[in-house]
Amino acid sequence: MSNAIEVNHIKKAFRKPTEKTIKGQLISLFKHEKTIDKFQALEDVSFTVKKGEGYAIIGKNGAGKSTLFKVISGVIVPDSGQIKLNGTLMPLIELSAGLSGDLSGMENIRLNCAIYGLKKRQIEELLPVIVEFAELDEFIHTPVKFYSSGMKARLGFSIAVHIETDIVLIDEVLAVGDRDFKKKCNKKMLEMKEAGKTIVIVSHSMGPLKKLCDRAIVLNRGKVEAEGDIHEMIDLYESN
Ligand SMILES: Nc1ncnc2c1ncn2[C@@H]1O[C@H](COP(=O)(O)OP(=O)(O)OP(=O)(O)O)[C@@H](O)[C@H]1O
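The name recorded for the protein chain in an unreviewed UniProt entry is ABC transporter ATP-binding protein, from Alkalicoccobacillus plakortidis. Of the protein chain, the UniProt comment under Sequence similarities (unreviewed entry) reads exactly: "Belongs to the ABC transporter superfamily."

Student: Quick one: what's the story with the site of the ligand, residue by residue and with numbers?
Tutor: What surrounds the ligand is the set F14, K16, A41, G59, N61, G62, A63, G64, K65, S66 and T67. If you list the elements that add at least two residues to the shell around the ligand, you get β1 (3–17) and α2 (65–72). A total of three residues in the shell around the ligand trace back to one element, the largest contributor, which is α2. Tallied by class, residues from the shell around the ligand come to three nonpolar, six polar and two charged.

Student: Describe in detail the environment of G74, supporting the description with residues and values.
Tutor: Within the secondary structure layout, G74 lies in the loop between α2 and β4 (80–85). For G74, a count of 11 C-beta atoms within 10 Å translates into the label exposed.

Student: Could you give an account of the sheet that holds β4, with specific residues and numbers?
Tutor: As a general point, the strands of a sheet are linked pairwise by backbone hydrogen bonds and lie either parallel or antiparallel. Taken together, the three strands give an open sheet; going across it, the order is β2-β1-β4, and neighbouring strands pair in antiparallel fashion. The strands lining the two open edges of the sheet, one partner per strand, are β2 (36–50) and β4. Strand-to-strand twist across the sheet, computed as the mean angle between neighbouring axes with direction ignored, equals 20°. The sheet contact formed by β1 and β4 spans five bridges and is antiparallel. Bridged to N8 within β4 is Q82.

Student: Can you tell me about unusual backbone geometry, naming the residues and giving the values?
Tutor: For H9, which is not glycine, the phi dihedral falls at a positive 50°. Of note, H9 is situated in strand β1. A positive phi angle, near 45°, is found at R221, a position not held by glycine. Of note, R221 is situated in the loop between β8 (215–220) and β9 (223–229). By C-beta crowding, R221 is classed as partly exposed, having 14 other C-beta atoms within 10 Å.

Student: If you had to explain the environment of E232 to someone new, which residues and values would you point to?
Tutor: By the element assignment, E232 lies in helix α8 (residues 230–239). Judged by the 14 C-beta atoms lying within 10 Å of it, E232 falls in the partly exposed class.

Student: Lay out the packing of helix α3 (residues 105–115) against helix α4 (residues 120–134) in plain terms, naming residues and giving numbers.
Tutor: When two helices pack together, you describe them by how their axes are tilted relative to each other and by the distance separating the axes. Their axes nearest at 10 Å, the elements α3 and α4 cross at an angle of 130°. The pairing of α3 with α4 is recorded here as oblique in orientation. Viewed along their axes, α3 and α4 form a crossing whose handedness is right-handed. For the pair α3 and α4, the contacting residues are G105, M106, I109, R110, C113 and A114 in the first and I123, L126, L127, I130, V131 and A134 in the second.

Cut-off values and rules
- Residues numbered from 1 in each chain as written.
- Predicted model: local features only at pLDDT ≥ 70, side-chain atom pairs only at ≥ 80, totals over all residues.
- UniProt positions renumbered as here; feature names shortened; annotations may be inferred.
- Near = placed C-beta within 6 Å.
- Helix = DSSP H or I, 4+ residues; strand = E, 2+ residues; numbered from the N terminus.
- Nonpolar A, V, L, I, M, F, W, Y, C, P; charged D, E, K, R; others polar.
- Buried ≥ 20, exposed ≤ 12 C-beta atoms within 10 Å, placed from the backbone.
- Pairing = 2+ DSSP bridges.
- Axes fitted to C-alpha atoms, helices over the stretch in contact; angles between N-to-C directions.
- Parallel < 35°, antiparallel > 145°, perpendicular 65-115°, else oblique.
- Left-handed = near helix turned anticlockwise from the far one by under 90°.
- Contact = placed C-beta atoms within 7 Å.

In structure tokens:
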């Protein structure tokens, strides 16, 4: 089986103020003390995801999971290391990413389909399917800036899973959905995997990960603590 994603020695540091308060920062500035620290969010992260695999990124809050997704999808540039992608990629990494607040749900669907290169006829075919899955009823004509986070997740997820790409990255967006919608999304992701798509997912809910994923990495403070079978990785994570 060939690789869908190769992550090679990725490092990413962020700059952080040494003092939390503005007063503290000003005092440090006057004392000629260091006001900015480097914070290593990803420290030499490497792993590969095979084509058609379900792959989970597991880790505590602040471990670097979202940063890693942003690097894979090209939203942020790493300080060093490389990402190799074999296929088209759909990132669903932030609720509002890819959605324009002033446009309605319907207009956002059209816009995203066009950005992904779908032809007018394909868009017309897909539009009712995406609208139905999102279950936003009459709110599909409301500007997205008035949507709740759950409504944005419905729209974003529905667009992401219906536009055909080889690889889908899903970052915890389902956390804000209600129980029925989460169930429906988990079912849809299993169908996508059965259809041969590669799915990489960040989630704090271990139940769905066990069903969907074959393998996982556990990230701990920006480092890969372990990589392997999904059940073993969940056991390791839960025992810490
Ligand atoms: N743009 C940024 N500037 C500065 N620090 C950042 C930035 N983005 C992320 N960080 C820091 O990098 C670390 C990793 O953040 P990240 O969002 O990747 O963690 P996470 O594992 O996704 O956490 P969670 O489970 O809470 O979503 C955190 O300490 C965070 O504060």
